[in-house]
Amino acid sequence: MSTTTKPALASPAPAKAAPARTWRHLRGSRTFNFWLFISPFLIGLIVFIYVPIGWSVYLSFFDARYTVTPDKFIGFDNYTYMLTDSKFVHSLGTFTVFAAFIVPTTWAVSLGLALLVNRLSFMRAFFRSVFFLPTACSYVAASLIWKMSLFSGVRFGLMNTVIGWFGIDGIAWLASPDPPWYWLVIVTARLWLQSGFYMILFLAALQNIPQELYEAATIDGARPGWQTFRHITLPQLRATSTAVVLLLLIAAYQAFDEFYNLLDRTTWGRPPLVELYYTALGQEQDYGAGSAGAVILTALIVVVTLFQGKILGFGRGEESK
């Protein structure tokens with residue numbers, strides 16, 4: 001009688017250890033490439049934006065005169081001082097006047113330029129570049145040109161020469177707040193500098209409007225021109241118009257270069273940033289009060305932006321409009 005022996009079961013092979021992530025493999029991963037690409041910008045954002053903002057909020061609760069490392073905590077006294085300071089409150093009024101001039105004017109001029117360029121059948125790229133070119137100009141350089149050449153206030157200034165042809169006496173454009181001719185200088189400088197940028201935004205939105213809408217309007221009897229613009233073009237530009245208005249409001253709050261270079265050290269016509277500059281870097285160098293004013297201004301920008309976005313429906317989908 002033969003006996004059969006059962007073959008021994010083969011023991012399972014030991015699991016292979018996961019290969020170590022070598023430097024070459026890590027360097028080829030998408031995550032590593034992503035962080036490697038954004039790290040210079042992220043470091044710069046933290047060092048030059050977030051850290052100064054955080055330190056400014058910290059300084060606003062301290063008595064920080066002539067020092068950025070204070071040790072005397074005063075709570076909300078700096079905020080109370082800035083909110084009751086007539087100069088700072090007046091600067092907010094100056095912003096209101098500036099925004100009332102520059103926001104609708106820039107919106108209308110930018111949209112008009114975009115409509116004109118979009119209708120061109122030749123040399124469209126040339127005119128688009130011509131209108132956009134002032135955007136690359138420095139605000140300081142443009143302010144000095146406006147002040148020393150166009151609106152210099154002397155008899156040989158360009159604007160005084162032009163109005164002299166019509167028998168009008170020369171005007172001291174930047175010398176007096178009564179009448180406030182300086183608004184014409186400041187608004188035209190800002191208008192020339194930024195209209196080209198917003199023109200590009202409107203132009204991109206115009207080129208995304210389906211042509212079928214205009215064809216259907218023509219079939220329905222709508223006349224080209226105002227009717228088409230009012231009932232088709234303008235509604236289709238709602239999202240872009242909202243974004244442009246928000247950007248213009250924020251830019252108006254942050255106006256500094258043209259006011260500082262055109263009006264020098266005058267006590268009238270100062271927007272918030274110029275007033276904060278003289279508060280923090282003036283004779284008293286009150287960094288605490290200046291920081292509190294900056295926080296107040298930032299909070300005001302956020303509130304106005306959110307309110308404006310809510311009114312105009314910024315961020316809502318097409319189905320909710």
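Shown above is the structure to which this text applies.
Keep in mind the model is a prediction, meaning the values are calculated, not measured.

About the thresholds
- All chains use their own residue numbering, which begins from 1 and follows the written sequence.
- This being a predicted model, a pLDDT of at least 70 is required before a residue's local features are given, and a value of 80 or more before pairs of side-chain atoms are given or counted; all residues contribute to the totals for chains, interfaces and linings.
- Only hydrogens and water are set aside when side-chain values are computed; all heavy atoms of the structure are taken into account.
- The nonpolar core is taken to be a set of buried Ala, Val, Leu, Ile, Met, Phe, Trp, Tyr and Cys residues, with the residues joined through side-chain atoms within 4.5 Å.
- Remark: exposure states derive from per-residue accessible area (1.4 Å probe, protein chains only) relative to the maximum for the residue type, with buried under 20%, exposed over 50%, and partly exposed in between.
- Comment: elements are numbered from the N terminus, with helices defined as DSSP H or I runs of at least four residues and strands as E runs of at least two.
- The definitions used throughout rest on a 1 Å grid laid over the protein atoms alone, on which a cavity is an enclosed set of points accommodating a 1.4 Å probe that cannot get out and a pocket is an open set flanked by protein within 12 Å on both sides along at least five of seven lines; lining residues are those having an atom within 4 Å of a point.
- Grid points are joined across faces, edges and corners, and a volume is the space filled by probe spheres set on the points.
- By the convention adopted, Pro, Cys, Tyr, Trp, Phe, Met, Ile, Leu, Val and Ala count as nonpolar, Lys, Arg, Asp and Glu as charged, and the other residues, Gly among them, as polar.
- Two aromatic rings from Phe, Tyr or Trp, using only the six-membered ring of Trp, form a pair when their centres are within 6.5 Å; if the ring planes differ by under 30 degrees the pair is stacked, by over 60 it is edge-to-face, and anything between is tilted.

### As for the nonpolar core
The biggest cluster of nonpolar side chains holds 54 residues, and the ones touching the most others in it are Phe98 and Phe259. Counting residues per element, the ones that place at least two in this core are helix H3 (77–83), helix H4 (86–119), helix H6 (139–150), helix H8 (182–207), helix H11 (238–253), helix H12 (257–263), helix H13 (272–281) and helix H14 (287–312). At 13 residues, the largest contribution of residues to this core is made by H8.

### Overview of the layout of surface pockets
Roughly 630 Å³ of volume is contained in the largest pocket. Counting only elements with at least two residues in the lining of the largest pocket, the list comes to helix H2 (30–59), H13 and H14. Examining the composition of the lining of the largest pocket, we find that nine residues originate from one element, H14, more than from any other. For the lining of the largest pocket, the residue count by class is 19 nonpolar, five polar and no charged. By volume, the second largest pocket amounts to about 410 Å³. Leu115, Arg119, Tyr214, Thr228 and Thr233 are the residues nearest the centre of the second largest pocket, which is lined by 15 residues in total. Residue assignment for the lining of the second largest pocket shows that the elements contributing at least two residues are H4, helix H9 (211–219) and helix H10 (226–236). A per-element tally of the lining of the second largest pocket places H9 first, with four residues. Taken together, the residues of the lining of the second largest pocket sort by class into eight nonpolar, six polar and one charged.

### Structural notes on the packing of aromatic side chains
Under the counting rule described, the total for this entry stands at 27 aromatic pairs. Considering the side-chain rings of Trp173 and Trp181, the 5.6 Å spacing of their centres and the 80° angle between planes classify their relative orientation as edge-to-face. Under the relative-accessibility criterion, Trp173 is labelled buried at 3%. Overall, the relative accessible area of 36% leaves Trp181 in the partly exposed class.

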